[in-house]
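Coordinates in review
Take a look at the letters that make up each chain.
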Amino acid sequence: RACITTTGLSSSVINMFSLVTGSLSLNVGLRAVAPSRTAPSRTVAPSMNYYAVFHNFKPGKADEFWGAMGDVDFAAMAEAQHEAGMYNHYFMPSDVEGPIMCLWECKDKEMGSDDFQAFIDGPESPAADLMNKVYPINGMGVTPSSAWPTMPAAPTKSSGSFFWVKHTFNQGEAPAFWESMATIDMEAFAAANKEKGFVNHLFLPTTDPSTVFCVWESKAPMTVPEFTAFIDGPEGPSPGTFANAAYAVMEGGTVPSAAFPVSWLDETVAKIEELLPLKLDDIVAKLKEFQAAK
């Protein structure tokens, strides 16, 4: 899927790891969830089985994790995962010290959260040495297309930035939110967000009634404070409903295919810049200096 090279924690260079509505019923988790406090459940049998995982490093273990990644053949690992029926769709580190969010899919649609936790903590998991909090995704989730029978294609690169957000419902806000979701015009909502320069790729309510994850893309490169101003502000999707913890996905993380793809011209210019001792902005500035001196 990608590769990582590291030259030490302080200078790690990371180069690593459409959408449809999921129909995973709430019974994939092992906790009972009161319908009045969380997303409406569906009574049909689950047709998909997704888990969000919130990873944190054990103290002092981040450098060891990234160093080990330098020897991994990620394409081979992805193929092995796919064959084994456990597929990592997105690997979204926010910093070399964490946290990291991943989205996994299980081919076995009846696999429960206890069994998935045992896998993600176990010897066959790439996150065996991390602290892993598992969140089953319920039936209202907007998830990637299934990895079966065909593995997903490589994503297109964005002109902007990707962010994942851990939303925690503010006290008493959940019932009104889910009521509004039943009547919202999702196409109009998506179009309005795109006009503002944002796309919500993944909407991942969990079987924890207080927690929802989302993955967003911005059209232009953006910092976490800039994105937080949008997601918390009056132009955001649900002002006042959540406490929002936003994280930028590091360069090299795996994310959905871009809604705002890099143009052919931008990619060409970037490749030229990599080959030049001077950036194009520097060359333009020097040309201007030369013209001014004439």
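Residues numbered from 1 in each chain as written. Predicted model: local features only at pLDDT ≥ 70, side-chain atom pairs only at ≥ 80, totals over all residues. Heavy atoms only, no water.

Re the overall build of the chain
Each helix and strand in the chain was counted, giving 8 helices and 10 strands. The proportion of buried residues among the 294 residues of the chain is 43%. When the accessible surface of the chain is summed, it comes to about 15200 Å², and 57% of that surface belongs to carbon and sulfur atoms. (Helix = DSSP H or I, 4+ residues; strand = E, 2+ residues; numbered from the N terminus. Buried < 20%, exposed > 50% of the residue type's maximum accessible area, 1.4 Å probe, protein only. Areas by Shrake-Rupley, 256 points an atom, 1.4 Å probe, with all protein chains shown as cover.)

Looking at helix α2 (residues 74-84)
Restricting attention to buried positions, one finds in α2 the residues Phe74, Ala78, Gln81 and His82. With its buried residues spanning 100° around the axis, α2 presents them on a single face. In α2, the exposed positions that point more than 90 degrees away from the buried face belong to Glu79, Glu83 and Ala84. Tucked into the core, α2 has its buried residues touching α1 (62-69), β3 (86-93) and β4 (100-106). Just beyond α2, the residue with positive phi is Gly85, at close to 90°. (Arc of directions from axis to C-beta. Contact = heavy atoms within 4.5 Å.)

Concerning the pairing of strand β5 (residues 130-136)
Among the 7 residues of β5, 5 are classified as buried, and the element is accordingly described as predominantly covered. Relative to β5, strand β2 (residues 50-57) is paired through 7 bridges, and the arrangement is antiparallel. Bridge pairing links Phe57 to Leu130 in β5. (Pairing = 2+ DSSP bridges.)

Side note on the nonpolar core
By size, the foremost hydrophobic cluster in this structure holds 23 residues, and its most contacted members are Phe65, Trp66, Ile100, Trp104, Phe116 and Ile120. For this core, the elements supplying multiple residues, two or more each, are β2, α1, β3, β4, α3 (113-121) and β5. Discounting chain neighbours no more than four positions away, the residues touching Phe65 are Phe57, Phe91, Ile100, Pro126 and Leu130. Met48, Tyr50, Met92 and Leu204 belong to the second largest nonpolar core, which has 18 residues in total. (Core = buried A, V, L, I, M, F, W, Y, C linked by side-chain atoms within 4.5 Å.)

A word on the packing of aromatic side chains
This model, assessed by the stated rule, comprises 25 aromatic pairs. Here the aromatic cluster, defined as three or more aromatic residues joined through ring pairs, consists of Phe163, Phe198, Trp216, Phe227 and Phe230. One cation-aromatic arrangement involves Lys133 over Tyr135; the distance from NZ or CZ to the ring centre is 5.4 Å. Over the ring of Phe54 we find Lys166, and its NZ or CZ is 5.0 Å from the ring centre. (Phe/Tyr/Trp six-rings, centres within 6.5 Å; stacked < 30°, edge-to-face > 60°. Lys NZ or Arg CZ within 6 Å of the ring centre and 35° of its normal.)

Considering the side chain of His82
As for its placement among the helices and strands, His82 is situated in helix α2. When neighbours within four sequence positions are excluded, His82 is seen to be in contact with Tyr87, Ala147, Trp148, Pro149, Thr150 and Met151.

Side note on the pairing of strand β9 (residues 211-218)
The buried fraction of β9 amounts to 8 of the 8 residues, a majority that puts the element mostly inside the structure. Examined bridge by bridge, strand β7 (residues 161-169) and β9 share 8 bridges and lie antiparallel to one another. If you follow Thr168 over to β9, its bridge partner there is Thr211. Both strand β8 (residues 198-205) and β9 contribute to a ladder of 7 bridges, which runs antiparallel. Paired with Asn200 across the strands is Trp216, a residue of β9. From the end of β8 to the start of β9, which pair antiparallel, there are 5 residues.

What about the confidence of the model for the chain?
Of all residues in the chain, 79% have pLDDT values of 70 or greater, and the mean over the chain is 82. The low-confidence segment residues 1-45 (pLDDT under 50) makes 134 contacts with residues lying over four places distant or belonging to another chain. (pLDDT = per-residue confidence, 0-100.)

Remarks on the pattern of salt bridges
For the structure on display, the rule yields 3 salt bridges. The partner of Lys196 in a salt bridge is Glu235, and the shortest N-O contact between them spans 3.5 Å. Taken together, the residues Lys196 in the loop between α5 (186-195) and β8 and Glu235 in the loop between α6 (224-232) and β10 (242-248) connect sequence positions 39 residues apart. Note on Glu235: relative accessible area 45%, which makes it partly exposed. (Salt bridge = Lys/Arg side-chain N within 4 Å of Asp/Glu carboxyl O.)

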